Amino acid sequence: MIRCADVTKSYDLAGRSVAALRGVSFEIPARGFYAIMGASGSGKSTLLHLLGGIDAADSGEIEIGQARIDGLDEARLTRFRRRGVGIVFQQFNLIATMTAADNVALPGLIAGEPAGAMRERALSLLERLGLGDRASHRPEALSGGEQQRVAIARSLLFEPPVLLADEPTGNLDSASSEKLWSVLGELASEHEMTVVMVTHEPAAAAHCERVLVLRDGLVAGEINAEHRDAGDLAAEYQRLCGA
């Protein structure tokens, strides 16, 4: 479902070039729940943004679902972002004056889809994520965990095959975080999606099947995370990072 080959990305900061990714190559061949781990500055969020078509690589190949997205023009990238991938951020990015259902349906309405169909789809997604009774509530009436699940529902509106989550539990307490990691795992296993989560937390990565570890813009290694607890995974992560 996902392939990167020698992907590089640099940014101009205060007049000097800073390399965020320095030749990243990996493959995620099957659907499931995966993590990208790394310290601050390792390039993990940059990589996620490239996979989501939010930013463009300087060089290399990026393939999502057997389609190359590197080099696409903006019109085709927009179509890819709408249908090919869902993205969830640490910030919920919900509109305060709109209900949960309206927040979920909004991307479809912006895209010109029928309002009735989008409303029905939004309600179905909220029900799937355990928020059927919260559909008419505005964000202020929802907990942090509930708001993040609304954001996930919104990202699933067009049934993308790939869901990308950038530190999705960064603003949540431990109980809400555990629930959200379980939700992401269920989406991968029960709805045949490829879910890729950026995190620095071993407790989060322990819910995944496989962990890609980045260090200084390069792939430091991979961890088979199945049946491993957070402590064991943290030790392997530290070994790969040379700490």
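Residues numbered from 1 in each chain as written. Predicted model: local features only at pLDDT ≥ 70, side-chain atom pairs only at ≥ 80, totals over all residues. Heavy atoms only, no water.

Asks: Residue-level account of empty space enclosed by the protein, with values.
Replies: Scanning all chains against the criterion turns up one cavity of 30 Å³ or more. In terms of lining, the largest cavity is formed by F26, I28, Y34, A35, I36, L51, V196, R210, V211 and L212. Within the residue set of the lining of the largest cavity, elements represented by two or more residues are strand 2 (16–28), strand 3 (32–37) and strand 9 (210–215). Among the residues making up the lining of the largest cavity, the classes are represented as nine nonpolar, no polar and one charged. (1 Å grid on protein atoms, 1.4 Å probe; cavity = no way out; pocket = protein on both sides within 12 Å on 5 of 7 lines; lining within 4 Å. Points joined across faces, edges and corners; volume = space filled by probe spheres on them. Helix = DSSP H or I, 4+ residues; strand = E, 2+ residues; numbered from the N terminus. Nonpolar A, V, L, I, M, F, W, Y, C, P; charged D, E, K, R; others polar.)

Asks: Tell me about the pattern of salt bridges, and please be specific about residues and values.
Replies: The full count for this structure, using the stated rule, is 14 salt bridges. Its salt-bridge partner being D58, residue K9 comes within 3.9 Å of it at the nearest N-O pair. Taken as a pair, K9 in strand 1 (residues 2–13) and D58 in the loop between helix 1 (44–51) and strand 4 (59–64) lie far apart in primary sequence, 49 residues in all. Residue D58 is classed as partly exposed on the basis of its relative accessible area of 46%. Among the ionic pairs, R83 bridges to E113, the shortest N-O distance being 2.8 Å. Of the two residues, R83 is situated in helix 2 (residues 74–83) and E113 in the loop between helix 3 (100–110) and helix 4 (115–128); the sequence distance between them amounts to 30 residues. Residue R83 is classed as partly exposed on the basis of its relative accessible area, which comes to 42%. Counted as one network, the salt bridges with shared partners bring together R3, E61, E63, R68 and D70. (Salt bridge = Lys/Arg side-chain N within 4 Å of Asp/Glu carboxyl O. Buried < 20%, exposed > 50% of the residue type's maximum accessible area, 1.4 Å probe, protein only.)

Asks: Outline the state of the cysteines, supporting the account with residue identities and numerical values.
Replies: Under the criterion given, the structure shown has zero disulfides. Of the cysteine sulfurs around C4, a residue in no disulfide, the closest is that of C208, at 17 Å. Counting only cysteine sulfurs, C241 is the nearest neighbor of C208, a cysteine outside any disulfide, at a range of 16 Å. (Disulfide = S-S within 2.5 Å.)

Asks: Explain the pairing of strand 8 (residues 194–199) to me, and be specific about the residues and the numbers.
Replies: With respect to burial, strand 8 is a largely interior element, six of its six residues being buried. Burial along strand 8 is two-sided: the residues T194, V196 and V198 and V195, M197 and T199 are all buried. Examined bridge by bridge, strand 7 (residues 162–166) and strand 8 share five bridges and lie parallel to one another. When the bridges of strand 8 are listed, L163 appears paired with V195. Crossover strand 7 to strand 8 through helix 6 (residues 174–190) is right-handed. (Pairing = 2+ DSSP bridges. Right-handed = clockwise from strand over helix to strand, strands pointing away.)

Everything listed here is a matter of geometry and, on its own, says nothing about what the molecule does.
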